[in-house]
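# Architecture at a glance
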Amino acid sequence: MNISYQKFIAEPPKHITEEITTLHQQIFGGPGHWLEKLNSQEHVLIYAALVDDQVAGYKIGYGLDDQTFYSWLGGVHPDFRKLGIASDLMRRQHADLKDLGYEIVRTKTMNKWRGMLLLNIQTGFDVLKTEADQRGQLKIVLEKKLLS
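In this report, the structure presented in the accompanying data block is examined. Keep in mind that what you see is a predicted model, and the values were worked out from it rather than measured.

## Structural notes on the sheet that holds strand E7 (residues 138-145)
Pairing in this open sheet of seven strands is mixed, and the strands run E1-E2-E3-E4-E5-E7-E6 from one edge to the other. Edge strands, defined here as strands with exactly one partner in the open sheet, are strand E1 (3-8) and strand E6 (126-132). Within this sheet the neighbouring strands show an average axis-to-axis angle of 25°, counted without direction. Of the strands in this sheet, E1, strand E2 (44-51), strand E3 (54-63), strand E4 (68-76), strand E5 (104-109) and E7 touch helix H3 (residues 85-99), which is tilted by about 150° from E2. Against the sheet, helix H4 (residues 114-122) touches E5 and E7, its axis set at about 25° to E7.

## Overview of unusual backbone geometry
At His43, a position not held by glycine, the phi torsion is positive, near 55°. Even without glycine at this site, Asp53 takes up a positive phi of about 65°. For Asp53, the position within the fold is in the loop between E2 and E3.

About the thresholds
Counting of residues starts from 1 at the beginning of each chain's written sequence and follows it residue by residue. Reporting of local features is limited, given that this is a predicted model, to residues whose pLDDT is at least 70; pairs of side-chain atoms are given and counted only at 80 or more, and all residues count toward the totals for whole chains, interfaces and linings. Excluded from the side-chain calculation are hydrogens and water; included are all heavy atoms of the structure. When DSSP locates at least two bridges between a pair of strands, those strands are taken to pair. Per the convention used, a helix needs a DSSP run of H or I reaching at least four residues, while a strand needs a run of E reaching at least two, with both numbered from the N terminus. Comment: axis = line fitted to C-alpha atoms, over the contacting stretch for helices; angle = value between 0 and 180 degrees taken between N-to-C directions. The criterion used for residue contact is that any of the two residues' heavy atoms lie within 4.5 Å.

Next comes the structure, spelled out in structure tokens:
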């Protein structure tokens with residue numbers, strides 16, 4: 001199996017955005033309107049992991065300010081988990097963030113997404129706090145300092 005990675009600093013080609021949307025809906029449910037929100041952000045980074053030219057995983061984020069980057073969305077297709085794709089996407093994102101001068105990466109997750117929560121903790125994220133979203137769901141806010 002050949003896994004390749006692509007990085008985009010703006011909206012990816014249509015077939016990539018469609019596959020990310022489909023995968024996002026499959027993993028998390030909901031409408032998958034990520035692109036609309038992302039297009040209103042500056043300093044966007046989108047990573048896609050491809051297997052046989054199909055999106056197997058993705059990681060999407062944007063700058064909150066000059067120092068802090070928000071790693072917003074990400075996931076890996078169930079058929080391609082346990083292959084290191086999520087870790088590779090995170091490593092690529094963090095390396096690029098350091099190169100771009102970011103000092104902190106922040107993310108949010110939920111207790112039910114234990115795989116992502118554990119990956120974040122194992123790779124140096126600290127739990128900052130919990131907060132309820134608009135629907136009353138509890139979110140875990142994590143942050144990692146990007147050391148040079």
